[in-house]
Amino acid sequence: LHMISVWGPWLASTLTDAKLADLRYVQQVKGTKVLACSFATYVGQGATDNTPDAQAEHYGWTWTHTGGNGANSCKNCVSTDPATRELQVAAIKKYAKTLADSVIAGGYDGLDIDFEPAWTSGSVSNHKENMEVFMIAMGEHLGPKSSNPHLIFAVDGEVQDLPKAGVPYLNY
């Protein structure tokens, strides 16, 4: 199996006829699996602007990451209030579905998440609880346990720090 990961812009709305022709050629003629690739540092990354307004408008995410790099580095992004936590989980799930829908709309063979919490600072990858929600939610749409098991869900980077509960949802 040969795979390549395409770093942005990869959203279906950015694919020109020439890019689509190249994508189809490498998939159909060369037999290569083409994965869209993104960080998942914050809610909306890869799909919307990294602004509080865009995150609130598209996903309902209104919490500011106040920590630096490293796992679980702030207290805002994983609320202990059940009602607030429910809103946070819903926003992360909506973000995962948006990315999955974009992968499918673009005709990709899956998604590769570059997971680097030691080098990034954000609401998803820097909080194991949120990354677990993201991985399980993405796993409903892509990967071996999804409704689309032919689509690959891969994570690379600092995989030793992935939440264990999310690992069964990955192909790689």
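Scroll up a little and you will see the structure.
Scope of this entry: the structure provided in the associated data block. For clarity, every value in this text was computed on a predicted model and none was experimentally measured.

Conventions we followed
- Residues numbered from 1 in each chain as written.
- Predicted model: local features only at pLDDT ≥ 70, side-chain atom pairs only at ≥ 80, totals over all residues.
- Heavy atoms only, no water.
- Axes fitted to C-alpha atoms, helices over the stretch in contact; angles between N-to-C directions.
- Helix = DSSP H or I, 4+ residues; strand = E, 2+ residues; numbered from the N terminus.
- Parallel < 35°, antiparallel > 145°, perpendicular 65-115°, else oblique.
- Left-handed = near helix turned anticlockwise from the far one by under 90°.
- Contact = heavy atoms within 4.5 Å.
- Nonpolar A, V, L, I, M, F, W, Y, C, P; charged D, E, K, R; others polar.
- Buried < 20%, exposed > 50% of the residue type's maximum accessible area, 1.4 Å probe, protein only.
- Pairing = 2+ DSSP bridges.
- Core = buried A, V, L, I, M, F, W, Y, C linked by side-chain atoms within 4.5 Å.
- Phe/Tyr/Trp six-rings, centres within 6.5 Å; stacked < 30°, edge-to-face > 60°.
- Lys NZ or Arg CZ within 6 Å of the ring centre and 35° of its normal.
- Polar contact = N/O pair within 3.5 Å; in protein donor to acceptor, adjacent residues only side chain to side chain.

Quick notes on the packing of helix 3 (residues 82-106) against helix 4 (residues 128-138)
- Between helix 3 and helix 4, whose axes approach to 9 Å, the crossing angle comes to 45°. Between helix 3 and helix 4, the interaxial angle falls into the category oblique. Of the two possible hands of crossing, helix 3 and helix 4 adopt the one that is right-handed. Facing Arg85, Val89, Ile92, Lys93, Tyr95, Ala96, Leu99 and Ala100 of helix 3, the residues of helix 4 in contact are Glu129, Asn130, Val133, Phe134, Ala137 and Met138.
- Taken together, the residues of the contact of helix 3 with helix 4 break down into ten nonpolar, one polar and three charged.

A closer look at helix 4
- Looking at helix 4, one finds that the buried residues are Asn130, Met131, Val133, Phe134, Met135, Ala137 and Met138.
- Those residues of helix 4 hidden inside the fold are in contact with helix 3, strand 3 (110-115) and strand 4 (152-157).

Focus on the sheet that holds strand 4
- Spatially, 1-2-3-4 is the arrangement adopted by the four strands of the open sheet, whose pairing is parallel. Only two strands of the sheet have a single neighbouring strand rather than two, namely strand 1 (3-7) and strand 4. Neighbour-to-neighbour, the strand axes of this sheet turn through a mean angle of 30°, independent of strand direction.
- In this sheet, strand 3 lies alongside strand 2 (residues 33-39) in parallel orientation, the contact comprising five bridges. Looking across to strand 3, one finds that Phe39 is bridged to Asp114.

Remarks on the nonpolar core
- Judged by nonpolar contacts, the single largest core of 37 residues is most densely connected at Leu111, Phe134 and Met138.
- Of all the secondary structure elements, the ones that give two or more residues to this core are strand 2, helix 3, strand 3, helix 4 and strand 4.
- Among the elements that take part in this core, helix 3 stands out by supplying eight residues, more than any other.
- Ignoring sequence-local partners within four residues, the contact set of Met138 consists of Ala96, Leu99, Ala100, Leu111 and Phe153.

Quick look at the environment of Ile4
- Here Ile4 lies in strand 1.
- Each C-alpha atom of the pair Ile4 and Gly157 lies 15 Å from the other, and the pair is 153 residues apart in sequence.

Quick word on the packing of aromatic side chains
- Across all of its chains, the model carries five aromatic pairs by this definition.
- With 5.9 Å between their ring centres and 90° between their planes, Trp10 and Tyr108 make a pair best called edge-to-face. Of the two residues, Trp10 is situated in the loop between strand 1 and helix 1 (17-28) and Tyr108 in the loop between helix 3 and strand 3; the sequence distance between them amounts to 98 residues.
- Ring geometry for Tyr59 versus Tyr95: centroids 5.8 Å apart, planes at 80°, classification edge-to-face. Of this pair, Tyr59 sits in helix 2 (residues 52-59) while Tyr95 sits in helix 3; the two residues are 36 residues apart in sequence, bridging distant segments of the chain. Considered together, Tyr59 and Tyr95 belong to a single accessibility category, that of buried residues.
- An aromatic cluster of at least three residues, connected via ring pairs, comprises Tyr59, Tyr95 and Phe134.
- The ring of Tyr169 has Lys145 lying over it, and the distance from NZ or CZ to the ring centre is 5.5 Å.

Side note on the environment of Asn148
- Here Asn148 lies in the loop between helix 4 and strand 4.
- Distance in space between the C-alpha atoms of Asn148 and Val26 is 21 Å, their sequence separation being 122 residues.
- Excluding its chain neighbours within four sequence positions, the residues that come into contact with Asn148 are Ile104, His141, Leu142 and Gly143.
- Polar contacts involving the side chain of Asn148 include one to the main-chain carbonyl oxygen of His141, which spans 2.9 Å.

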